[in-house]
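Given next are the chains, with one letter for each unit.
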Number of protein chains: 4
Amino acid sequence: MAEERIVALLHGPDRAGIVARVSGWIFARGGNILHADQHRDREEGIFFQRVEWVPAGDIEEEMSLFQEMAKKDLGMIADVMRSSRRPKIAIMVSKFEHCFSDIVLRCRSGEINCDVSAVISNHENLRHLSEMFGLEYHYTPVTKENKGEAEKRQIEIIKKSGAELVIMARYMQILSESFLDNVGVPVINIHHSFLPAFAGAKPYHQAFERGVKIIGATAHYATKDLDEGPIISQAVDTVSHRDNVDDLMRKGRELERVVFANAVRWHIEGRILTYKNKTVIFN
Amino acid sequence: MAEERIVALLHGPDRAGIVARVSGWIFARGGNILHADQHRDREEGIFFQRVEWVPAGDIEEEMSLFQEMAKKDLGMIADVMRSSRRPKIAIMVSKFEHCFSDIVLRCRSGEINCDVSAVISNHENLRHLSEMFGLEYHYTPVTKENKGEAEKRQIEIIKKSGAELVIMARYMQILSESFLDNVGVPVINIHHSFLPAFAGAKPYHQAFERGVKIIGATAHYATKDLDEGPIISQAVDTVSHRDNVDDLMRKGRELERVVFANAVRWHIEGRILTYKNKTVIFN
Amino acid sequence: MAEERIVALLHGPDRAGIVARVSGWIFARGGNILHADQHRDREEGIFFQRVEWVPAGDIEEEMSLFQEMAKKDLGMIADVMRSSRRPKIAIMVSKFEHCFSDIVLRCRSGEINCDVSAVISNHENLRHLSEMFGLEYHYTPVTKENKGEAEKRQIEIIKKSGAELVIMARYMQILSESFLDNVGVPVINIHHSFLPAFAGAKPYHQAFERGVKIIGATAHYATKDLDEGPIISQAVDTVSHRDNVDDLMRKGRELERVVFANAVRWHIEGRILTYKNKTVIFN
Amino acid sequence: MAEERIVALLHGPDRAGIVARVSGWIFARGGNILHADQHRDREEGIFFQRVEWVPAGDIEEEMSLFQEMAKKDLGMIADVMRSSRRPKIAIMVSKFEHCFSDIVLRCRSGEINCDVSAVISNHENLRHLSEMFGLEYHYTPVTKENKGEAEKRQIEIIKKSGAELVIMARYMQILSESFLDNVGVPVINIHHSFLPAFAGAKPYHQAFERGVKIIGATAHYATKDLDEGPIISQAVDTVSHRDNVDDLMRKGRELERVVFANAVRWHIEGRILTYKNKTVIFN
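Residues numbered from 1 in each chain as written. Chains lettered and ligands numbered in written order. Predicted model: local features only at pLDDT ≥ 70, side-chain atom pairs only at ≥ 80, totals over all residues. Heavy atoms only, no water.

Here we look at the environment of Lys88(D)
Residue and element names in this part refer to chain D.
For step 1, the next point in the chain: Position of Lys88 among the secondary structure elements: in strand β5 (residues 88–93).
For step 2, the next point in the chain: On the basis of relative accessible area, Lys88 is assigned to the partly exposed category, the value being 41%.
For step 3, the next point in the chain: Sequence separation between Lys88 and Glu177 is 89 residues; the distance between their C-alpha atoms is 23 Å. (Helix = DSSP H or I, 4+ residues; strand = E, 2+ residues; numbered from the N terminus. Buried < 20%, exposed > 50% of the residue type's maximum accessible area, 1.4 Å probe, protein only.)

Written out as structure tokens, the structure reads:
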């Protein structure tokens, strides 16, 4: 597993022979394909592929030549990365710690291959825990009046930290359209219901009121339409009349941890393509 | 298992000592409690209980005395039935057969303790299958113009058949408020999504469009507000970008069968109490 | 969906460039690949692929040329079939009806694309149901003394019926090594536990005794080592101290139906390759 | 939720009227029952109950009177505790951190109501993490030669720490019969398979070899028969031919965390009774 691999995510107009040409190109240059997975949306006429290979020659050269070939020969966009890359991420939190701790520990143990470069919060609650983990904690209080300013400050911190991904670990503020336009990197959010059910505030209370027999959690990319972004991962658990709102919250925390970790890991490993407000996930 | 048991479903205002009094009453009369389960909604101040026992004396007498005691001494409503009862049910269908066949076979094999006394459909598609099972098939075509008439005819068939429950096995017409007011027995419906997500028409198409990673099915009591009745059973399965609408439908059929069968069985076995548009299920 | 497609299942020694060559061959002849999925067991050095395409020219010719190319150029074994094929299957049953009915109805409705050409049983219990479904029922009683004779008779019935697959729908006799050697077609069995736990007789009783919190069912290819064949599909459900053996059986029936149907459908659709007593399932 | 409650776990010979007598006793003394759940093993003739109530008078007096009543009047053993109790636990670890971190964070956040009073390990690997959490780390290397000595030392640490429960968070040594006889408190272990499948060493490797489609994890009380103790909680996840042993381990870690946390929480909350190598869990 020590070999450096190239991971390429391709997408573009579907046409005959793409698989043959991609695999043929790699094969001809002596590369060894370890994984290849593709998907076609026939109605939309879009082709998607993830391919992972060990190149025979110089890795940087192979990466740029592949990207060029994809564009010129296939008319496709290729996102190409080294398997060993370890990007930085920024975590936004409020008061709940379960998703935050969970991601931090997975990064520490190497299960998710990234480094937490900043923790940003509108509260002081998680400062102690964050510092215990040796992370820099940025307190950016948010009020109705200062929201624009606060978000500017948050974006500055994110940019300065070098983060290539922002994750909202139960950050309880709605990010403005301006924030999302200017942050410059993808943002992953966790919503504590099986979307599209119970979008908006207090989903566990909504679920309790409706008397559902199943609750869920959803990790998705944040977009300007709240809780409407492309869904990455969902999980559910059964509940009954015996479960009160506190029980739903406790069961929900388990789900939130799992779908959030899935989403972050798949993003970091280059397994997600988005289109038409949906995701294709090569996992 | 041959002993005849009494099953009582109680509900009413919560107060101290109900469990002690119910169990004390049965114990004092020599009854042997086999199962007892209770639930309190503390916010609403309502108490619910299901108790199942073998009476020492005459079963009919015990049943009526219990009901009287519950009302007079506890101020509670008691629904009391014999464990051996085998009620009749009417099944409404359209073109899909999977829920229909499934329920019919479960009744035949004794897994659900009831008899199908009528099959009612707005199409002829399932006549052959229905007659193969030896069931009477009533074709009641429904159009915009004749809907009122057709529903009257359906209610007549249901009443004449002696059905104590109507189940909509993917019956693809919306039952009018008037039908529900006049049918005189509970109606269980199956909706092919995890409600409240994707209420209304074509839920699998909606789910596909939204790009969810989990689909579901929901069995609920039909009320005048479409897809808004008390939820009885829900089940889900995972899906991915590889699943098209046909795949969702195929996976969904498995879920529909299971939640529908659960709902019918629990209803027949006296395991469901409804309140505040929710269910308490003693299973 | 009306287009006839070719489905090819390939396996053989892994080497570089197989994907490129297979897809290149199809592409060069004007074929349109609809699905392609592959797997490599790196430790064993084996390559597996399932590819499904619409050929441009004559389908029979394409099929035989593909097989030839796979063998000569790639050194691989290719199992090639038309997507429209509707093979015959023989069902062996004893007294339980749930898996039997379930498969018959799925074949009837077209969910599984095959025809039941014979029902074979060591009991008379399911004759009525079988005849209700319009199927030929063969009663072949099995005793210690006549087992060899009975199995010979069963093999005759299977061969005469033209079945390309035998499925044991809770057939409660152990098939002898001689039967499996001579039947000439694959045999799928359902075992009512999550193998390898609770192999052998009365798995629900074993599960109850052990006090597990999860029960399961397993569909697998029958081999001479009882309950040791390649596993195709498994499913589980949760249980608690409240569930007695009857409850386990009831819950188990749901699982058995699902895993059995999965196994039969995947087999019929050419989605399963076996090696080293394991399965590769392209679904 | 601020009210102090009594939790009683009862078990003993089944006879008529126990529920009536227990609830009657509490009711007569002005207590308010919040939860009551019971179970009868009819074959064995054993009755089990968990009851939780707010006493009207002095809590210590009520606790001892209840215990007395249970023994004298009902011939039952009652384990009685205050809902607010926060016992100490000792954690045994080796090199894997996921279960360890998970439990520590759940205790910190109050999700599990206990304090970690000692961390004991046969390796130094988790010292840093443990100290980061502010916990005392005891390194007790274990070899074939010193095992008896090492276990004595471990028992000393446990006793000195005041732990009322020992949990093995992927502690990779087998505890001797002598250890279990002398430790004086219950021991909970996590095994990384769905027992009884794949008992013993390297269960993920065993699962991979067998080609199962489902993997699991099991939390159980440790007994002298390795992996044979009463099962408390089990969870499973699906796997396919695509998952190698590393994937199984990664998926398994999610399961291990969940079942281990369930087991510890239920134990601390007085929800578990054991008999006949099984558990009754009132959750």
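Structural notes on the domain arrangement of chain A
For step 1, the next point in the chain: Taken domain by domain, chain A comprises domain 1 (6–82), domain 2 (87–185) and domain 3 (187–283).
For step 2, the next point in the chain: Domain 1 of chain A and domain 2 of chain A are separated by 34 Å when their C-alpha centres are compared. (Domains from an automatic or database assignment.)

Looking at the interface of chain B and chain C
For step 1, the next point in the chain: Taken together, the 17 residues of chain B in the interface contact 17 residues of chain C.
For step 2, the next point in the chain: Regarding the contact of chain B and chain C, the summed buried area is about 1700 Å², with carbon and sulfur atoms giving 47% of it.
For step 3, the next point in the chain: Between chain B and chain C we count 4 salt bridges in total.
For step 4, the next point in the chain: A salt bridge links Arg253(C) to Glu111(B); the nearest nitrogen and oxygen atoms lie 2.9 Å apart.
For step 5, the next point in the chain: Counting every contact that joins chain B to chain C gives 4 residue pairs in polar contact (both at pLDDT 80 or more).
For step 6, the next point in the chain: For the side of chain B that touches chain C, the secondary structure elements donating two or more residues are α3 (98–109), α4 (127–132) and α8 (245–268) of chain B.
For step 7, the next point in the chain: Here the side of chain B that touches chain C takes 6 residues from α8(B), the largest share from any one element.
For step 8, the next point in the chain: A breakdown of the residues in the side of chain B that touches chain C according to their chemical character gives 5 nonpolar, 3 polar and 9 charged. (Contact = heavy atoms within 4.5 Å. Buried area = accessible area lost by both parts, 1.4 Å probe. Salt bridge = Lys/Arg side-chain N within 4 Å of Asp/Glu carboxyl O. Polar contact = N/O pair within 3.5 Å; in protein donor to acceptor, adjacent residues only side chain to side chain. Nonpolar A, V, L, I, M, F, W, Y, C, P; charged D, E, K, R; others polar.)

Notes on the interface of chain B and chain A
For step 1, the next point in the chain: Chain B puts 33 residues into the contact, and the matching count from chain A is 33 residues.
For step 2, the next point in the chain: Both faces combined, the contact of chain B with chain A buries some 2700 Å², and carbon together with sulfur accounts for 53% of it.
For step 3, the next point in the chain: If you sort the residues of chain B by the area they bury against chain A, Arg210(B), Lys213(B) and His241(B) come out on top, with a joint share of 26%.
For step 4, the next point in the chain: Connecting chain B to chain A are 2 salt bridges.
For step 5, the next point in the chain: We note a salt bridge from Arg242(B) to Asp37(A), for which the minimum N-O separation is 2.5 Å.
For step 6, the next point in the chain: Where the side of chain B that touches chain A is concerned, the elements lending two or more residues are β2 (32–41), α7 (203–210), β11 (231–238) and β13 (278–281) of chain B.
For step 7, the next point in the chain: In terms of residues, the side of chain B that touches chain A owes the most to one element, β11(B), which gives 6 residues.

Here's the deal with the nonpolar core
For step 1, the next point in the chain: Of all hydrophobic cores here, the largest spans 204 residues; its most connected members are Phe100(A), Phe100(B), Phe100(C) and Phe100(D).
For step 2, the next point in the chain: In contact with Phe100(B), other than residues within four places in its own chain, are Ile91(B), Val93(B), Val119(B), Leu126(B), Leu129(B), Ser130(B), Phe133(B), Leu135(B) and Ala169(B). (Core = buried A, V, L, I, M, F, W, Y, C linked by side-chain atoms within 4.5 Å.)

What about the relation of the copies chain B and chain C?
For step 1, the next point in the chain: Superposition record for chain B on chain C: RMSD 0.0 Å, screw rotation 180 degrees, translation along axis 0.0 Å. Look at the turn and shift together and you get a two-fold axis relating the two. No C-alpha of chain B approaches the rotation axis more nearly than that of Met132(B), which lies at 3.2 Å.
For step 2, the next point in the chain: When the interface residues of chain B are mapped onto chain C, 100% of them are again interface residues, pointing to one common binding face. (Least-squares fit on C-alpha atoms with pLDDT ≥ 70 in both.)

A word on helix α5 (residues 147–161) of chain D
Residues and elements named next belong to chain D.
For step 1, the next point in the chain: When the terminal C-alpha atoms of α5 are compared, their 21 Å separation across 15 residues agrees well with the 21 Å that a helix rising 1.5 Å per residue should span.
For step 2, the next point in the chain: Buried within α5 are the following residues: Ala150, Glu151, Gln154, Ile155, Ile157, Ile158 and Ser161. Seen along its axis, α5 keeps its buried residues to an arc of 160 degrees; they face one direction. In this structure, α5 carries Glu149, Lys152, Glu156, Lys159 and Lys160 as exposed residues pointing more than 90 degrees from its buried face. (Expected span 1.5 Å × (residues − 1). Arc of directions from axis to C-beta.)

Regarding the packing of helix α3 (residues 98–109) of chain D against helix α8 (residues 245–268) of chain D
To characterise two packed helices, one gives the angle between the axes of the helices and the distance between these axes.
Residues and elements named next belong to chain D.
For step 1, the next point in the chain: Where α3 contacts α8, the two axes come as close as 9 Å, and the packing angle between them is 40 degrees. Classed by the angle they form, the pair α3 and α8 counts as oblique. In this structure, the crossing between α3 and α8 has a hand that is right-handed. Contacts between α3 and α8 involve His98, Cys99, Asp102, Ile103 and Arg106 from the first element and Arg253, Glu256, Arg257, Phe260, Ala261 and Val264 from the second.
For step 2, the next point in the chain: Classifying every residue of the contact of α3 with α8 gives 5 nonpolar, 1 polar and 5 charged. (Axes fitted to C-alpha atoms, helices over the stretch in contact; angles between N-to-C directions. Parallel < 35°, antiparallel > 145°, perpendicular 65-115°, else oblique. Left-handed = near helix turned anticlockwise from the far one by under 90°.)

Some words on the sheet that holds strand β3 (residues 46–54) of chain D
Residue and element names in this part refer to chain D.
For step 1, the next point in the chain: Taken together, 4 strands build an open sheet; the order of strands is β2-β3-β1-β4 and the sheet is antiparallel. Each edge of the open sheet carries a strand with a single partner, namely β2 (32–41) and β4 (77–82). Across the sheet, the axes of successive neighbouring strands diverge by a mean angle of 10 degrees, strand direction being ignored.
For step 2, the next point in the chain: In this structure, strand β1 (residues 6–13) lies alongside β4, joined through 6 bridges in antiparallel fashion. Note on β4: the bridge partner recorded for Leu10 is Ala78.
For step 3, the next point in the chain: Along the sheet, helix α1 (residues 18–28) contacts β1, β2 and β3; its crossing angle with β3, the most-contacted strand, is approximately 20 degrees.
For step 4, the next point in the chain: Lying on the sheet, helix α2 (residues 59–74) is in contact with β1, β3 and β4; it crosses β4 at an angle near 170 degrees. (Pairing = 2+ DSSP bridges.)

Thoughts on the environment of Arg108(D)
For step 1, the next point in the chain: Among the structural elements, Arg108(D) can be located in helix α3.
For step 2, the next point in the chain: The spatial distance from the C-alpha of Arg108(D) to the C-alpha of Phe133(D) is 9.2 Å, given a sequence separation of 25 residues.
For step 3, the next point in the chain: Aside from chain neighbours lying at most four places away, what touches Arg108(D) is His128(A), Leu129(A) and Met132(A).

Some remarks on the pattern of salt bridges
For step 1, the next point in the chain: The final tally for this structure, using the stated rule, is 96 salt bridges over all chains.
For step 2, the next point in the chain: Notably, a salt bridge pairs Glu256(A) with Arg170(A), separated by 2.8 Å at the nearest N-O pair. Pair noted here: Glu256(A) is in helix α8 (residues 245–268) and Arg170(A) is in the loop between β8 (165–168) and α6 (177–182), with a separation of 86 residues, a long-range link.
For step 3, the next point in the chain: Judged by relative accessible area, Glu256(A) falls into the buried class, the value being 1%.
For step 4, the next point in the chain: Note that Glu124(B) and Arg127(B) form a salt bridge whose closest N and O atoms lie 2.7 Å from each other.
For step 5, the next point in the chain: Residue Arg127(B) is classed as partly exposed on the basis of its relative accessible area, which comes to 26%.
For step 6, the next point in the chain: Among the charged side chains, a salt-bridge network with shared partners connects Asp102(A), Arg106(A), Glu111(A), Arg253(D), Glu254(D) and Arg257(D).

Brief notes about the environment of Met132(D)
For step 1, the next point in the chain: By secondary structure assignment, the location of Met132(D) is in helix α4 (residues 127–132).
For step 2, the next point in the chain: Under the relative-accessibility criterion, Met132(D) is labelled buried at 15%.

A word on helix α8 (residues 245–268) of chain C
Residue and element names in this part refer to chain C.
For step 1, the next point in the chain: Helix length check: α8 (24 residues) gives 34 Å between terminal C-alpha atoms against 34 Å at 1.5 Å per residue, within 8%.
For step 2, the next point in the chain: Of all the 24 residues making up α8, 19 are buried; the element is thus mostly covered by neighbouring parts of the structure.
For step 3, the next point in the chain: The N-cap residue of α8 is Asn244: its side-chain oxygen and the backbone nitrogen of Asp246 are 3.0 Å apart.
For step 4, the next point in the chain: Phi for Gly270, located one or two positions after α8, is positive at around 65 degrees.

Overview of the pairing of strand β13 (residues 278–281) of chain A
All names here are of chain A.
For step 1, the next point in the chain: By the alternation rule, side chains of β13 split into Lys278 and Val280 and Thr279 and Ile281, which are all buried.
For step 2, the next point in the chain: Sheet topology note: the strand β12 (residues 272–275)/β13 ladder contains 4 bridges and is antiparallel. In the strand pairing of β13, Leu273 is matched with Val280.

Looking at the packing of aromatic side chains
For step 1, the next point in the chain: A full pass over the atoms with the stated rule returns 22 aromatic pairs over all chains.
For step 2, the next point in the chain: On the basis of an interplanar angle of 45 degrees and a centroid distance of 4.9 Å, the ring pair of Trp53(D) and Phe66(D) is categorised as tilted. Remark: Phe66(D) occurs in helix α2 and Trp53(D) occurs in strand β3; sequence separation between them is 13 residues. Comparing Trp53(D) with Phe66(D), the two get one shared label, buried.
For step 3, the next point in the chain: In this structure an aromatic cluster arises from ring pairing among Phe194(A), Phe198(A), Phe194(B) and Phe198(B).
For step 4, the next point in the chain: For the cation-ring pair, Lys278(A) lies above Phe208(B), with the distance from its terminal atom to the ring centre recorded as 3.5 Å. (Phe/Tyr/Trp six-rings, centres within 6.5 Å; stacked < 30°, edge-to-face > 60°. Lys NZ or Arg CZ within 6 Å of the ring centre and 35° of its normal.)

Looking at the sheet that holds strand β1 (residues 6–13) of chain A
All names here are of chain A.
For step 1, the next point in the chain: In spatial order, the strands read β2-β3-β1-β4; together these 4 strands make up an open sheet with antiparallel pairing. Two strands close off the open sheet at either side, each with one partner strand: β2 (32–41) and β4 (77–82). Strand-to-strand twist in this sheet, taken as the mean axis angle between neighbours without regard to direction, amounts to 10 degrees.
For step 2, the next point in the chain: Each of β1, β3 (46–54) and β4 is contacted by helix α2 (residues 59–74), which is oriented at about 170 degrees to β4, the strand it contacts most.

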